[in-house]
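Secondary and tertiary structure notes
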Amino acid sequence: MADLRDLREGRLVRRQLLALAAALLVTVPGGLAAAPATAAAPHCGQVRRAAFADGVKAAKPHADGKYTPIILVHGFISDPGMWAKKVEHTVRSLDKPKVDRSILGNLQALPGAAVYTVDYSATARRWFADPGGGGEAFLKVSDCVAGDPAFAGHPAVVVGHSMGGLIARWADAPGAAERRKATGLVITIGTPYEGSWLSALGNGAGGRARDLLFLAESACGDNRFTSAEPCRWLRDAREFLATTKAFVPGSPELRKLSKWPSGVRVETLTSSAVVSGVAGLFRLGGGSVDLGDIVVGRASATAGDHPQRIAECRYTADSLRVGANTVLERFGRRLDSNTDIPVWLGLLGSCLHIHEANLLEHSAEILGAVAEELRRYDPAPLPASAELRRQGACRAACRITGHVSFVHPSWGQVILITTLAAGDEVREANIVVTDASRTVRWHHFGGDWFELSIAKPAPDRAGNYFLDYNPGRYNGVIVLRPRTGGFDDFTTMPPEDDYVAPFYYAEHRDVDGDGTLEIEKFENDCDPSCAEGTITTSIHRWTGRGYQP
Amino acid sequence: MTGTRLRLVLAALAVLLLAGGGSWWFLQRDPEQPAPVAEQPEAPDQQAQEDAVALIRGLPAAFASGDVTKLSSEWKAERPDLAKALPAGSTVEPDEKSWHRSGNLASMDAVATAPGEKARSYSVVMVLEDGTWRISGTYAKAGS
């Protein structure tokens, strides 16, 4: 009989109370809604931003005064409280990492982040696409933030655990083009894209992975350990998966779901418990056994051609014993004797499905990816004119005549710069776009122009950037609109080293005073001469695809 | 005469009581429910446990003779080197108290000793195939 020692000391109890308080802040509607810091935070209709966790006092907007919505979607038999749990697992050591923060608090502390948690806990034991299920709850949040001006120009970041990842993919399915545009980056953790191996497990199949799971469940069946959190959760998961056949690989529900549409940036994370030197036939080794996160196999969780990160827990017979103790310590118990040790409990440690959002490695990966995404909105630094010349954007010494920052769909935060020659001996004009690292991303050599500048407002209400140029006689108008990989110019751009274009001899105007600029184009019939000719004007308006009179 | 009448009255009363009680029981019972049967003690898994002990103890002899019938179909398909798994002269001693069963799977701890080697502890997992327990795999425990 093993010697069980109760470790439930004051320190442990305090830690559990703190974790409980943090979880309550998230799950209780409007938990900190009255706090002054929240008043400055964007809300979205009836959808409330997650209450601040881990001592975060206020959200800090991007330089443009707006926020990027970060939407966290929990998985089956779970709730939003999972995001507020402290990061207390790691694959590198079987000891508890000394991190006193949650993934929720870490994300909230990022400048520009407005974190929302989708709560469908009441229906988290159902297939998400069923009426009233998690899918509807997600759409309520994502559609609301997509239409909120507080997030204009800042597509959402979605982090989905388990079934939460399936929900995010379902919401961005073909046919939901508008919603897809409002999604910038999706990170899924342990998502059963191709189903759950646990769901497919029968007594007649599964081999060594099935056996190891059986041994872990047998250890959980011991009266001393049935109340351990991983054991309780695994029992729930088994029951849920046995009744919800949707997660069986190849199920009609899974087959009905579309793949990720092109254009959505997706990263897949998962955990994998790999057992080596344990399984076999007595002295005959059986190689290593990959249990995935015990619920979802790594191939299923990383399906598709996306960047992926797998956190591996590597177990041997000896480390399983240490792992079993780690599992037991988390609920205040420890095995001191080496007799009758339920070593297989160790399989339900750091790499278990339910621990994935509290795993140090995944937490760091998510935080890094989201921080990188948010940095796209940091103002790009304005390069010196000498730097532009060094990169070939100016052929001779040049001076910057105008610049405006914005987020480009391909290059992130950029600066659109106009330049003219610095001296009189050479005349040249350039339109240049540099990114956050001051690297030239796009360049147009205008030619022998006297004037080139960026019109205001930039952009106009339609999202277009107007440039005024003058090669010496008439003014011309160039219109640029950022698109993936470059710009649309609607044929307004003169050829390189030239000035002739459809809107040469034109000016920009806001005819209606609505912030959307029009182009006033002049025509001279030069009859009897250009100096004495009749000048007619026409107003060209934005149609959504170009400019028409 | 009086005695006969008394017996008749008592017999009639007994018939009435039996008929009334029977009718009441018939009306009260749920027609969907099967008639109650005497509660039997839960069938012990003793036979399966004994089979498992015999299976595990018999492995060295079976392996020595190249008998793969005691292995699961998955192991049979792998054609394992039985002489390497348990060299001739090995013994395997199961720990009957560690028996655990759930459906068609069961496990029992065992200590295997090969000649000239130190004893090693395993969890032996068995699977019920075609009504017979067969070895699904052995899983080395700490310190072995």
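Treat the numbers as computed from the prediction; the structure is a model and nothing was measured.

**Here's the deal with helix 4 (residues 134-146) of chain A**
Residue and element names in this part refer to chain A.
- An ideal rise of 1.5 Å per residue puts 18 Å on 13 residues; helix 4 measures up with 18 Å between its terminal C-alpha atoms.
- Among the residues of helix 4, those classed as buried are Gly134, Gly135, Ala137, Phe138, Val141, Ser142 and Val145. Relative to the axis of helix 4, the buried residues are bounded by an arc of 160 degrees and lie together on one face.
- Structurally, helix 4 contributes buried residues whose contacts are with strand 2 (68-73), strand 3 (113-118), strand 4 (156-161), helix 5 (163-171) and helix 6 (177-181).

**Here's the deal with the interface of chain A and chain B**
- Taken together, the contact pairs 24 residues of chain A with 28 residues of chain B.
- The set of elements that each furnish at least two residues to the side of chain A that touches chain B consists of helix 8 (207-220), strand 7 (279-281) and helix 12 (317-329) of chain A.
- Take the side of chain A that touches chain B: its biggest share by element is seven residues, from helix 8 of chain A.
- Looking at the side of chain A that touches chain B residue by residue, the class counts come to 12 nonpolar, seven polar and five charged.
- Where strand 7 of chain A and strand 4 (residues 132-140) of chain B come together, two bridges link them in antiparallel fashion. When the sheet's bridge partners are listed, A:Gly280 is paired in strand 4 of chain B with B:Thr138.

**With respect to the sheet that holds strand 20 (residues 506-509) of chain A**
Residue and element names in this part refer to chain A.
- As summarised here, the arrangement of the four strands in space is 20-21-22-23, forming an open sheet in which the pairing is antiparallel. The outermost strands of the open sheet, each flanked by one partner alone, are strand 20 and strand 23 (547-548).
- With six bridges joining them, strand 21 (residues 518-524) and strand 22 (residues 535-542) adopt antiparallel strand pairing. By the bridge assignment for strand 22, Lys521 is matched with Ser538.

**Points about the sheet that holds strand 14 (residues 429-435) of chain A**
All names here are of chain A.
- One open sheet holds the four strands; their spatial order is 12-13-14-15, and the pairing between them is antiparallel. The open sheet has two free edges, formed respectively by strand 12 (398-408) and strand 15 (440-447), since each of these has just one partner strand. Direction aside, neighbouring strands of the sheet carry axes that sit 15 degrees apart on average.
- Across seven bridges, the pairing between strand 13 (residues 412-421) and strand 14 is antiparallel. Among the inter-strand pairings, Thr419 is bridged to a residue of strand 14, identified as Asn430.

**Quick look at unusual backbone geometry**
All names here are of chain A.
- Residue Pro457 is bonded to the preceding Lys456 through a cis peptide linkage, with omega at 0 degrees.
- Structurally, Pro457 is set in the loop between strand 16 (451-454) and strand 17 (465-470).
- Of note, the bond from Ala458 into Pro459 is cis; its omega dihedral lies within 30 degrees of zero at 0 degrees.
- Its location among the elements puts Pro459 in the loop between strand 16 and strand 17.
- In this structure, Ile77 is a non-glycine residue whose phi angle is positive, near 35 degrees.
- Note that Ile77 resides in the loop between strand 2 and helix 3 (103-108).

**Quick notes on the pairing of strand 13 of chain A**
Residues and elements named next belong to chain A.
- Most of strand 13 is tucked away: nine of the 10 residues are buried.
- Relative to strand 13, strand 12 runs antiparallel, the two being bridged by 10 bridges. By the bridge assignment for strand 13, Gly402 is matched with Thr418.
- Between the end of strand 12 and the start of strand 13, which pair antiparallel, lie three residues.

**A few points about the environment of A:Asp512**
- As for its position among the elements, A:Asp512 is in the loop between strand 20 and strand 21.
- C-alpha separation for the pair A:Asp512 and A:Asp148, spaced 364 residues apart in sequence, amounts to 25 Å.

Definitions and limits used
Residues numbered from 1 in each chain as written. Chains lettered and ligands numbered in written order. Predicted model: local features only at pLDDT ≥ 70, side-chain atom pairs only at ≥ 80, totals over all residues. Helix = DSSP H or I, 4+ residues; strand = E, 2+ residues; numbered from the N terminus. Expected span 1.5 Å × (residues − 1). Buried ≥ 20, exposed ≤ 12 C-beta atoms within 10 Å, placed from the backbone. Arc of directions from axis to C-beta. Contact = placed C-beta atoms within 7 Å. Nonpolar A, V, L, I, M, F, W, Y, C, P; charged D, E, K, R; others polar. Pairing = 2+ DSSP bridges. Axes fitted to C-alpha atoms, helices over the stretch in contact; angles between N-to-C directions.

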